[in-house]
Amino acid sequence: MNSIDLSLQPLGKGTAADGLAGLLVSPATQASFVVSLPPTLLPLHQAWLRRFLQHHHPGQPVPAHVVAEYGQQLVAALGQWFAAPEWAPLQRAMKVQPGRPLRIRLAPSLRALEQLPWEALPLDRSIWRLAPTDPMLPMAVPRQRRPRLLLVVGHESELRLDREIEELEGLARRGRIALITLRGSNATAAQLRTALEANPGWDMLIFLGHSSGDRQGNGSLQLGDGSWISGGSLEPSLRQAADQGLQLVLLNSCSGVDLAHRCMAAGIAWVQCFREPVPSEAAAAAFTTILRQMEAGRPFGLALEAAAHQLQQGTWAGVQLLMSAYCHPEAQPFQLPEPRQRLQRRELLLLAAGTGLTTVAGVASGWGARGVIGRREWRMATYLGAGDQAL
């Protein structure tokens, strides 16, 4: 990844109060430094979070403008901290590398800092997160194929997700993706594990529903049949899915940081999540924006920024401060392939290389006929299974 990587870990007894050691690594520079945590920053975050949760909880109204004011104070305080002279190594690195993404890693003992809205810093660049510890597994190689999506719909007793599901089904009808949906009584723990481990694998996993964190750091999902499954128990299946090409997980649910950590440990390249409880309508709106942006050809990182902007313009006060993207240290930008009409020339060239044909004209005639040999060569070259269809 062509990025500026910032790692923070506590000094002394393992708490941020004793100061933070920073390690900066980028293509242009490396540096280590020490910064002090402002004593008012974490209390200010808690004050904002209380008002955010009260605003979005029925029966305990806090006006939206109050949530917005506290959010502005929090972002301003975070920005003032980053502007302090002790951050000079990072400031210099960003100055000589304009626009280069910043990736932030926070040690496991700094969970309170992990909940801060780092993405809201006005640094004129994308801000992503690395897991607290490096994944033990390398990231799998992306597959060159029509995107395969596994959609898991959680318990729907209080959710209205038909519009979001229709977005995906529309892409499938247009041939842009291959889609399998686990919903209702078909969304059980056993069926989820089986689907994750199935050949030929997936490129994206999308969860719509309820989730939560836990003290063990595993997180959990509520499945369509009403049962809950922990991220830790899913990790072996996620690892197998990553080995077969799983690149992106969208967790459109509450308190997804622990689940994002488990996905990172499994070797998945990208995970989107919300760090705290959020209104289901806001999570669904973010998902829809991300999907439409990626369908328009934008990479996941830019699609995420568009979703954050859309949330900020919407009626869900403060939700944009809770959305994060985690990435594997080896992650490359992820985006959906171009539509078939823009890919056809590439298909022809690849098919020519695979079949040993010497002229594109010869390939074109064979491709138009969709012969058995041509289809077999194309599947082999693009990792498609026999039941899949090329774009």
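Residues numbered from 1 in each chain as written. Predicted model: local features only at pLDDT ≥ 70, side-chain atom pairs only at ≥ 80, totals over all residues. Heavy atoms only, no water.

Observations concerning the pattern of salt bridges
Part 1 of the argument: By the definition in use, this model includes 14 salt bridges.
Part 2 of the argument: With a closest N to O distance of 2.6 Å, E119 and R129 form a salt bridge. A residue pair is termed long-range when its members are at least 10 positions apart, and E119 in the loop between α4 (111-114) and β5 (127-130) and R129 in strand β5 qualify at 10 residues.
Part 3 of the argument: By relative accessible area, R129 is classed as buried at 3%.
Part 4 of the argument: Note that R262 and E235 form a salt bridge whose closest N and O atoms lie 2.9 Å from each other. In this pair, R262 is assigned in helix α8 (residues 257-265) and E235 in helix α7 (residues 231-243), connecting sequence segments 27 residues apart.
Part 5 of the argument: Under the relative-accessibility criterion, R262 is labelled buried at 18%.
Part 6 of the argument: You can call E235 buried: its relative accessible area is 11%.
Part 7 of the argument: When salt bridges with common partners are traced through the structure, they connect E119, R129 and R275 into a single cluster. (Salt bridge = Lys/Arg side-chain N within 4 Å of Asp/Glu carboxyl O. Helix = DSSP H or I, 4+ residues; strand = E, 2+ residues; numbered from the N terminus. Buried < 20%, exposed > 50% of the residue type's maximum accessible area, 1.4 Å probe, protein only.)

Some words on the packing of aromatic side chains
Describing an aromatic ring pair means giving the distance of the ring centres and the angle of the ring planes.
Part 1 of the argument: For the structure shown, the criterion picks out 9 aromatic pairs.
Part 2 of the argument: An angle of 90° between the planes, with centres 4.9 Å apart, marks the rings of W128 and W270 as edge-to-face. Here W128 is found in strand β5, whereas its partner W270 is found in strand β13 (residues 270-274), with 142 residues between them in sequence. Exposure class is identical for W128 and W270. Each is buried. (Phe/Tyr/Trp six-rings, centres within 6.5 Å; stacked < 30°, edge-to-face > 60°.)

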